[in-house]
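Examining the three-dimensional arrangement
If you want the building blocks of each chain, they are given just below.
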Amino acid sequence: MARPAAQVAATPQRLDGEPVARACVVGASGFAGALAAALAWAHPNIALEAVTARSEVGRRLADLHPRHRVPLELEAFDADRLAARADVAFVSYPHGAAAEVVAALRERELRVVDLSADFRLHDPALHERWYGPLGAPELRGEAVFGLTELHRDEIGQASLVANPGCYSTAAILALAPLAREGLIADAVVDAKSGVSGAGRAATDTTHFVSVDENVSPYGETGHRHGPEIDQELAALGCDVRPTFTPHLLPLDQGLLASCYVTPTRELTGEELADVFRGAYGAERFIELVDTSPGVRDVRDTNFARIHSLVEPGGRVLVFCAIDNLWKGAAGQAVQNLNVMLGLDEGAGLG
């Protein structure tokens, strides 16, 4: 007689008194969705009531992703059933599939943090160019781009937050202080990320055999996160479109953006440091450091670690390291939800 599969021990949810909100995670079987569920499960002020998946229905999330130890069973998506149990939702569906789900949840008055790209770009024509047909266009006006450090006030009033992409998070954080001061004449973003950014489904380009002991560029003629970078820098008054090339590294998690900026005027190292201190000196999840950061420095945290310098020829170099699944996805989603709910911004994030 076959022995039943052993179930993973799960960590009980421990709330600090009555929850401020009840949450669900729609699309919890993927890497980012599973981490969002784990962070919500460990959150002191949010009760995680449900997790859904398009496949793996009926399995416990703790058995699909043992490291997260969330004991809830994955359900099929049902907007009415979720609305009866939750006030807020994380949506972690693929691009193009999320909009319909977000619309159904917004109809039922849930506040939503969407981890897909379906509401990130303000220009509908630009969205259609990069992602195809526009879903739920009626919601586009209410979506706030969820880079917390840039849009905190708007996020606090939002009912729908479009979580940024991982590459755009790192690149925008690196370049925003310079863009705001009109200091970018030209910029190149050389970014490298681990394979978890591609999601659970292995492809020829993200398979272990292709990635191991290898580094390769992709999206050389244009990557979907490029328009996000352009959009946010333009909003800060910068009309320069950086050259952006992503690379795949043989890592599971981690992202480093190396930015090479030709400034509009000569800068000293102290002036540059003042620009970044003025922008991020009080930020909870930005670490300004004196040496170049590595991805291991921020693994499994919501921190962005930034180092800037002026090289002898006058070019400005800015390096930003993040964990692509945390600050580049689920961690930032929880940070945004905390702001939306008026909670401590770091609640549930360690």
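Cut-offs applied
Residues numbered from 1 in each chain as written. Predicted model: local features only at pLDDT ≥ 70, side-chain atom pairs only at ≥ 80, totals over all residues. Heavy atoms only, no water. Pairing = 2+ DSSP bridges. Helix = DSSP H or I, 4+ residues; strand = E, 2+ residues; numbered from the N terminus. Phe/Tyr/Trp six-rings, centres within 6.5 Å; stacked < 30°, edge-to-face > 60°. Buried < 20%, exposed > 50% of the residue type's maximum accessible area, 1.4 Å probe, protein only. Salt bridge = Lys/Arg side-chain N within 4 Å of Asp/Glu carboxyl O. Polar contact = N/O pair within 3.5 Å; in protein donor to acceptor, adjacent residues only side chain to side chain. Contact = heavy atoms within 4.5 Å.

Let's shift gears to the pairing of strand β8 (residues 184-193). In the sheet, β8 pairs with strand β11 (residues 255-263) via nine bridges, with the strands oriented antiparallel. For Ile184, the partnering residue across the bridge sits in β11 and is Pro263. Strand direction decides the pairing type here: β8 and strand β10 (residues 243-248), joined by six bridges, are parallel. Paired with Val189 across the two strands is Phe244, which belongs to β10.

On to the packing of aromatic side chains, then. Overall, the coordinates contain four aromatic pairs when judged by the stated rule. Ring geometry for Phe276 and Tyr280: centres 6.4 Å apart, planes at 50 degrees, overall tilted. Here Phe276 pairs with Tyr280, and both are found in helix α10 (residues 269-280), just four residues apart, close to one helical turn. Across this residue pair, the class does not change: Phe276 and Tyr280 are buried.

Moving on, we come to the pattern of salt bridges. Opposite charge on two side chains allows them to pair when their charged atoms are near. Counted by the stated rule, this structure contains 24 salt bridges. Here Asp300 and Arg67 are joined by a salt bridge, their closest N and O atoms 3.5 Å apart. Taken together, the residues Asp300 in the loop between β12 (286-288) and β13 (304-310) and Arg67 in the loop between α2 (61-64) and β3 (74-75) connect sequence positions 233 residues apart. Of the residues examined, Asp300 reaches a relative accessible area of 31% and is grouped as partly exposed. Looking at Arg67, the relative accessible area reads 51%, which means it is exposed. Between Arg108 and Glu107 there is a salt bridge; the shortest N-O distance is 3.8 Å. Through salt bridges with shared partners, a single network forms among Arg67, Asp252, Arg299 and Asp300.

Mapped onto the elements of the fold, Asn338 is located in helix α11 (residues 326-341). Under the relative-accessibility criterion, Asn338 is labelled buried at 0%. Among the polar contacts listed, one links the side chain of Asn338 to the backbone oxygen of Asp344, at a separation of 3.4 Å. Discounting residues that sit within four places of it in the chain, Asn338 has contacts with His43, Leu343, Asp344, Glu345, Gly346, Ala347 and Leu349.

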